[in-house]
Amino acid sequence: MKISKPYLLFLGDAADQLAAKTAKGIKDWRPENCVGQYRLDGCNADVGLPDMSIAEAREAGAAELPTPVRGLMRLTAKVMTNTAYWI
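This text gives an overview of the structure that appears in the document. Computed from a prediction, not measured in an experiment: that's the story for all the values here. (Residues numbered from 1 in each chain as written. Predicted model: local features only at pLDDT ≥ 70, side-chain atom pairs only at ≥ 80, totals over all residues. Heavy atoms only, no water.)

Comments concerning the overall build of the protein chain
Inclusion rule: The way it works is that DSSP assigns letters per residue, a run of H or I at least four long becomes a helix, a run of E at least two long becomes a strand, and they are numbered from the N terminus. Only protein chains enter the accessibility calculation, which uses a 1.4 Å probe. A residue is then buried if its area is under 20% of the maximum for its type, exposed if over 50%, and partly exposed in between. Any pair of residues with heavy atoms lying within 4.5 Å of one another is described as a contacting pair. His is not counted here, nor are the chain ends, while Lys and Arg score as positive and Asp and Glu score as negative. One atom stands in for each charge, and that atom is NZ of Lys, CZ of Arg, CG of Asp or CD of Glu.
Within the protein chain one finds 3 helices and 2 strands. Ordering the α and β elements of the protein chain from the N terminus gives β-α-β-α-α. On the principal axes, the C-alpha backbone points of the protein chain span a range of 40 × 30 × 25 Å. Looking at the protein chain as a whole, 24% of its 87 residues are labelled buried. Excluding contacts between residues fewer than 6 apart, the proportion of contacts in the protein chain whose partners are at least 24 apart in sequence is 64%. Within the protein chain, one finds 11 positive and 10 negative side-chain charges whose respective centroids are separated by 9 Å.

Written out as structure tokens, the structure reads:
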């Protein structure tokens, strides 16, 4: 499966730089493939890219994730949410 470039790096609501280590690694090792970062309110991490909305990233050339990847992410989120309920 190929994930189209360039990327909008999702930092979510990462509490610190360590929590955003995957995005940091992509930015450090493939900066030419990154258009910006998307952070939720309360995010304390910053990989040094411009903050962008999803619409701004699309305008900059970023594409959506392939459908199977989006589905897998949704399923993973459900499993994590349901597991956290019982912990």
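Examining the pairing of strand β2 (residues 34–39)
Consecutive side chains along a regular strand alternate between the two faces of the sheet. Let me state the cut-off plainly: Any two strands are treated as partners once DSSP identifies two or more bridges connecting them. We call a crossover right-handed when, viewed with the strands running away from us, the connection from the first strand over the helix to the second turns clockwise.
Bridge count between strand β1 (residues 7–12) and β2: 5 bridges; the pairing is parallel. Its bridge partner lying in β2, Y7 is registered against C34. Once the chain exits β1 it traverses helix α1 (residues 21–29) before rejoining the sheet at β2, and the crossover so formed is right-handed.

Quick word on the pattern of salt bridges
Let me state the cut-off plainly: For salt bridges, the criterion is a side-chain nitrogen of Lys or Arg within 4 Å of an Asp or Glu carboxyl oxygen.
The final tally for this structure, using the stated rule, is 4 salt bridges. D28 is paired through a salt bridge with K24; the nearest N and O atoms lie 3.1 Å apart. In this pair, D28 and K24 are both assigned in helix α1, 4 residues apart and thus about one turn of the helix distant. Overall, the relative accessible area of 30% leaves K24 in the partly exposed class.

Thoughts on unusual backbone geometry
Here the amide bond leading from K5 into P6 is cis, since omega sits at 0°, within 30 degrees of zero. Relative to the helices and strands, P6 resides in the segment before β1.

Considerations on the environment of P6
Counting along the chain gives 25 residues from P6 to P31, while the straight-line C-alpha distance between them is 9.4 Å. For P6, the contacting residues outside a window of four places in its chain are N33, C34, V35, A60, G61, A62 and A63.

Some points on a nonpolar patch on the surface
Note the cut-off: Patch criteria: residues need more than 30% relative accessible area and no salt bridge. Like-charged residues are merged within 9 Å; nonpolar side chains of Val, Leu, Ile, Met, Phe, Trp and Tyr are merged within 5 Å. The Shrake-Rupley method, run with a 1.4 Å probe, gives the accessible areas here. Residue values count only the displayed protein chains as cover.
There is a patch of nonpolar side chains on the surface, built from L72, L75 and V79 and spanning about 290 Å² of accessible area. By the secondary structure assignment, L75 is in helix α3 (residues 67–86).

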